[in-house]
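Architecture at a glance
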Amino acid sequence: MRQHVSESTKAKDTHSTTVPAEVVNLREVSVDYDGVIALESVNLSVQENDFFGIIGPNGGGKSTLLKVILGLVSPQQGEVAVWGQPPLKSPRRVGYVPQHNSFDRDFPITVWNVVLMGRLSRAHMFRAYDRHDRENALEALRTVGMTDLRKRPIGSLSGGQQQRAFIARALVRDPSLLLLDEPMANVDSGTQEELYELLSELSHRMAIMMVSHDLSAISVYVDKIACLNRRLYYHGSKEIPAEDIEAAYGCPIELLAHGMPHRVLRRHD
Ligand code: ADP
Ligand code: MG
């Protein structure tokens, strides 16, 4: 197993002094969908250098947390800042790889067009692509190692290749923060390792946050881990205290830790 990249070897761009180094700040954030509480008093700080993993059971609020950072869901309580501003006014771009449940394998769209679509913004949804768009799309495909497969229908690719294409789509607008929702779902462990290597490379130039319901899908590449089940459990460490996992998942650690005992920190007095 490869070691994760240490803080000292990371050499991300230093940003201008007007933009804070803290990428995301959540203060006492609560989200309630008509009586269903998804997030409760969540506090979170993500820094420029972070490759942040968040694990939690299904329904634990992981997708909601990412949508709050994107400005797609507005919390009923609390404050959200992305580079010091409300999410939709963030001074830097945020890339998003949504949770990817069902995909129509016959949908006739090529990898190239999936990636190019990432160039469209909500304000300019129906414009034509220009040379700059195509250059960016090609560069993003190069970054994820998918230029050879760009003419293939997306549905004909493996789960890992599709995930790369969706990561490329998120990269084409040159984000400084990349959010990934369950990127390791439907991907075998060898392919997960390759995806982690890619994300680890990317984490040299952008902050990364990924969420996963699968404990075993969080690897040593991630340099901070929190547990989320409505409440966020985080103690600033690279390991997870067993009691945090038990609190988040509601069952004993022995049942949960099979995939990642090396990431679990037992209580020691
Ligand atoms: P996770 O991604 O960890 O599985 P979600 O953020 O999707 O969790 O969901 C958290 C809780 O909020 C769940 O109980 C879910 O049913 C509920 N929820 C999520 N989105 C909505 C929505 N749009 N409307 C109503 N309830 C929702
Ligand atoms: Mg989810």
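Calculation criteria
Residues numbered from 1 in each chain as written. Chains lettered and ligands numbered in written order. Predicted model: local features only at pLDDT ≥ 70, side-chain atom pairs only at ≥ 80, totals over all residues. Heavy atoms only, no water. pLDDT = per-residue confidence, 0-100. Contact = heavy atoms within 4.5 Å. Donors = N, O, S within 2.8 Å, 3.2 Å for Na, K, Ca; no water. Helix = DSSP H or I, 4+ residues; strand = E, 2+ residues; numbered from the N terminus. Buried < 20%, exposed > 50% of the residue type's maximum accessible area, 1.4 Å probe, protein only. Arc of directions from axis to C-beta. Pairing = 2+ DSSP bridges. Axes fitted to C-alpha atoms, helices over the stretch in contact; angles between N-to-C directions. Salt bridge = Lys/Arg side-chain N within 4 Å of Asp/Glu carboxyl O. Near = heavy atom within 4 Å. Polar contact = N/O pair within 3.5 Å; in protein donor to acceptor, adjacent residues only side chain to side chain. Core = buried A, V, L, I, M, F, W, Y, C linked by side-chain atoms within 4.5 Å. Domains from an automatic or database assignment. Phe/Tyr/Trp six-rings, centres within 6.5 Å; stacked < 30°, edge-to-face > 60°.

A few points about the confidence of the model for the chain
Confidence in the prediction of the chain, expressed as mean pLDDT, is 84, and 81% of residues score 70 or more. The model gives residues 1-16 a pLDDT under 50, and that stretch makes 37 contacts with residues more than four places away or in other chains.

A closer look at the coordination of the magnesium ion (ligand 2)
Listed as protein donors to the magnesium ion (ligand 2) are Ser63 (OG) and Gln99 (OE1); their distances from the metal cover 2.1 to 2.3 Å. In this pair, Ser63 sits in helix 1 (residues 62-70) while Gln99 sits in the loop between strand 5 (94-97) and helix 2 (111-117), placing the two residues 36 residues apart along the sequence. Residue Ser63 is classed as buried on the basis of its relative accessible area, which comes to 19%. Gln99 sits in the partly exposed class, given a relative accessible area of 33%.

Describing helix 6 (residues 242-249)
Buried within helix 6 are the following residues: Ala242, Asp244, Ile245, Ala248 and Tyr249. Looking down the long axis of helix 6, one finds its buried residues gathered within 160° of arc, a one-sided arrangement.

Some details on the sheet that holds strand 1 (residues 22-33)
The strand order 2-1-4 describes an open sheet built from 3 strands, whose pairing is antiparallel. Two strands bound the open sheet, and with one partner strand each, they are strand 2 (36-47) and strand 4 (77-82). This sheet shows a mean twist of 15° between the axes of neighbouring strands, independent of strand direction. Where strand 1 and strand 2 come together, 8 bridges link them in antiparallel fashion. By the bridge assignment for strand 2, Val29 is matched with Val42. Strands in contact with helix 1 are strand 1, strand 2 and strand 4; relative to strand 1, the strand with the most contacts, it is inclined by about 120°.

Observations concerning the pattern of salt bridges
Tallying each qualifying case throughout the model produces 7 salt bridges. Its salt-bridge partner being Lys224, residue Asp50 comes within 2.9 Å of it at the nearest N-O pair. Of this pair, Asp50 sits in the loop between strand 2 and strand 3 (51-55) while Lys224 sits in strand 8 (residues 224-229), placing them 174 residues apart in sequence. For the pair formed by Asp50 and Lys224, the shared burial category is buried. Glu135 is the partner of Arg131 in a salt bridge, and the nearest nitrogen-oxygen pair spans 2.8 Å. Placement of both Arg131 and Glu135 in helix 3 (residues 131-143) is noted, with a separation of 4 residues, approximately one turn of the helix. Residue Glu135 is classed as partly exposed on the basis of its relative accessible area, which comes to 41%. Residues participating in the shared-partner salt-bridge network are Glu40, Arg230 and Arg231.

Some remarks on the site of ligand 1
Residues in contact with ligand 1, as listed here, are Tyr33, Val36, Ala38, Pro57, Asn58, Gly59, Gly60, Gly61, Lys62, Ser63 and Thr64. In this structure, an oxygen atom belonging to ligand 1 sits 3.0 Å away from a main-chain N or O atom of Gly61. In the environment of ligand 1, an oxygen atom lies 2.7 Å from a nitrogen or oxygen atom belonging to the side chain of Lys62. Among the secondary structure elements, those contributing two or more residues to the shell around ligand 1 are strand 2 and helix 1.

Description of the nonpolar core
Judged by nonpolar contacts, the single largest core of 46 residues is most densely connected at Ile167, Leu178, Leu199 and Leu202. Looking at this core element by element, the count peaks at 6 residues for helix 4 (residues 159-171). Summarising the domain contributions, this core has at least three residues from each of domain 1 (20-92 + 177-193 + 202-269) and domain 2 (103-175). Excluding residues that lie within four positions of it along the chain, Leu199 makes contacts with Phe51, Ile167, Leu178, Leu180, Met184, Ile208 and Met210. Of all hydrophobic cores here, the second largest spans 29 residues; its members include Leu70, Val211, Ala226 and Leu232.

With respect to the sheet that holds strand 6 (residues 177-181)
In spatial order, the strands read 5-6-7-3-8-9; together these 6 strands make up an open sheet with mixed pairing. Both edges of this open sheet fall to strand 5 and strand 9 (231-233), since each of them pairs with a single strand only. Across the sheet, the axes of successive neighbouring strands diverge by a mean angle of 20°, strand direction being ignored. Sheet analysis places strand 5 next to strand 6, joined by 4 bridges and oriented parallel. Across the sheet, the residue bridging to Val94 is Leu177, located in strand 6. Across the sheet, helix 5 (residues 189-202) is in contact with strand 3, strand 6 and strand 7 (207-212); its angle to strand 7 comes to roughly 150°. Relative to strand 8, helix 6 is tilted by about 30°, and along the sheet it contacts strand 3, strand 7, strand 8 and strand 9.

Examining the packing of aromatic side chains
Throughout the structure, instances matching the rule amount to 3 aromatic pairs. Seen from their ring centres, Phe51 and Tyr196 are 6.4 Å apart, and the 40° between their planes marks the pair as tilted. A residue pair is termed long-range when its members are at least 10 positions apart, and Phe51 in strand 3 and Tyr196 in helix 5 qualify at 145 residues. When sorted by exposure, Phe51 lands in the same class as Tyr196, which is buried. Their ring planes at 50° and their centres at 5.1 Å tell us that Phe52 and Tyr234 sit as a pair that is tilted. Note that Phe52 is positioned in strand 3 and Tyr234 in the loop between strand 9 and strand 10 (240-241), a separation of 182 residues in sequence. Taking relative accessible area as the criterion, Tyr234 reaches 26% and is therefore assigned partly exposed.

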